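Structural features, examined
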Amino acid sequence: MSESHSDLALLIDALARTQGRLRAAFAPARAGSALGDMEHTVLVAVVEAREPPTVPQIGRSLGHPRQVIQRAANRLIEARLITAEPNPDHKRAALLVASAAGQALQAEANRRAGDIAAGLMTCLDAAQVKQATALLSAIRAGIERHEKGKAS
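Every value quoted in this text rests on a predicted model; they were computed, and no experiment measured them.

**Some remarks on helix α6 (residues 126–151)**
Along its 26 residues, α6 runs 37 Å from first to last C-alpha, staying within 8% of the 38 Å computed at 1.5 Å per residue. Here α6 starts with a cap whose side-chain oxygen sits 2.9 Å from the backbone nitrogen of Ala127, and that cap is Asp125.

**What to know about the pattern of salt bridges**
Counted under the stated rule, the structure contains nine salt bridges. A salt bridge links Glu39 to Arg75; the nearest nitrogen and oxygen atoms lie 2.2 Å apart. Of this pair, Glu39 sits in helix α2 (residues 37–48) while Arg75 sits in helix α4 (residues 66–78); the two residues are 36 residues apart in sequence, bridging distant segments of the chain. For Arg75, a relative accessible area of 39% gives the class partly exposed. Among the ionic pairs, Arg111 bridges to Asp115, the shortest N-O distance being 3.2 Å. With Arg111 and Asp115 both in helix α5 (residues 100–121), this residue pair falls four residues apart, about one helical turn. Here the residues in one salt-bridge network are Glu108, Arg111, Arg112 and Asp115, joined through shared partners.

**Points about the pairing of strand β1 (residues 82–87)**
Examined bridge by bridge, β1 and strand β2 (residues 90–98) share five bridges and lie antiparallel to one another. Note that in β2 the partner of Ala84 across the bridge is Leu96. Hairpin connection between β1 and β2: a loop of two residues separates the two successive antiparallel strands.

**Examining helix α3 (residues 55–62)**
Val55, Ile58 and Gly59 are the residues of α3 that are buried. For α3, the buried positions fall inside an angular range of 100 degrees around the axis, keeping them on one side. Away from its buried face, by an angle of more than 90 degrees, α3 presents the exposed residues Arg60 and Ser61. Against the buried residues of α3 lie α2, α4 and β2. Directly beyond the C-terminal end of α3, a positive phi value near 75 degrees is found at Gly63.

**Description of the environment of Ala104**
Residue placement: Ala104 occurs in helix α5. Here Ala104 falls in the partly exposed class, since its relative accessible area comes to 47%. Linking Ala104 and Leu22, residues 82 residues apart in sequence, is a C-alpha distance of 23 Å.

**Considerations on the nonpolar core**
Among the nonpolar cores identified, the biggest contains 14 residues, and Val42, Val46, Leu76, Ile82 and Leu96 are the most heavily contacted of them. Broken down by secondary-structure element, the contributors of at least two residues to this core are α2, α3, α4 and β2. A per-element tally of this core places α4 first, with four residues. Excluding its chain neighbours within four sequence positions, the residues that come into contact with Leu96 are Val46, Pro52, Pro53, Thr54, Val55, Ile58, Ala73, Ile82, Thr83 and Ala84.

**As for the packing of α2 against α4**
Packing of α2 against α4 leaves a shortest axis separation of 9 Å and a crossing angle of 80 degrees. As far as their axial angle goes, α4 and α2 are roughly perpendicular. Every residue of α4 that contacts α2 at Met38, Glu39, Val42 and Leu43 is listed here: Val68, Ile69, Ala72, Ala73, Arg75 and Leu76. Counted by class, the contact of α2 with α4 contains eight nonpolar, no polar and two charged residues.

**Let's talk about a nonpolar patch on the surface**
Where nonpolar side chains cluster on the molecular surface, the patch consists of Leu15, Leu136, Ile139 and Ile143 and spans about 320 Å² of accessible area. In this fold, Leu136 is placed in helix α6. Under the relative-accessibility criterion, Leu136 is labelled partly exposed at 36%.

Analysis parameters
Residues numbered from 1 in each chain as written. Predicted model: local features only at pLDDT ≥ 70, side-chain atom pairs only at ≥ 80, totals over all residues. Heavy atoms only, no water. Helix = DSSP H or I, 4+ residues; strand = E, 2+ residues; numbered from the N terminus. Expected span 1.5 Å × (residues − 1). Polar contact = N/O pair within 3.5 Å; in protein donor to acceptor, adjacent residues only side chain to side chain. Salt bridge = Lys/Arg side-chain N within 4 Å of Asp/Glu carboxyl O. Buried < 20%, exposed > 50% of the residue type's maximum accessible area, 1.4 Å probe, protein only. Pairing = 2+ DSSP bridges. Arc of directions from axis to C-beta. Contact = heavy atoms within 4.5 Å. Core = buried A, V, L, I, M, F, W, Y, C linked by side-chain atoms within 4.5 Å. Axes fitted to C-alpha atoms, helices over the stretch in contact; angles between N-to-C directions. Parallel < 35°, antiparallel > 145°, perpendicular 65-115°, else oblique. Nonpolar A, V, L, I, M, F, W, Y, C, P; charged D, E, K, R; others polar. Patch = residues over 30% accessible without salt bridge, like charges linked within 9 Å, V, L, I, M, F, W, Y side chains within 5 Å. Areas by Shrake-Rupley, 256 points an atom, 1.4 Å probe, with all protein chains shown as cover.

Quick look at the structure:
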């Protein structure tokens, strides 16, 4: 294995381990919501979107198959946390809109997550977190460019 492949493998391992630690640390933010990870992820995507997103848009943004996002969206619709509204730009891809209950649930989760984040930041270097965020964003953009190049 070349050094660059080894470095990428180490990055993937570090990201997976960090993601696991972050999920565990932030699990209390979702306490009592009865939402699974993917359902919560889709709710966040809908609530935090500037414009109502579609299932395919969320899937592309998060790197998940449309079907996975659709199942989570269907459960959120059944729970009355989001609604599917007609999309004037597309006959089949409905616009997803958070209900008042969905917005309230996410607002409470955000409040709890803010408390958790404040506690975590007492043990983390803010400049390193900012730098890591910028580096990971650049790596993600490079991966996206690569994937777009393969699709052409």
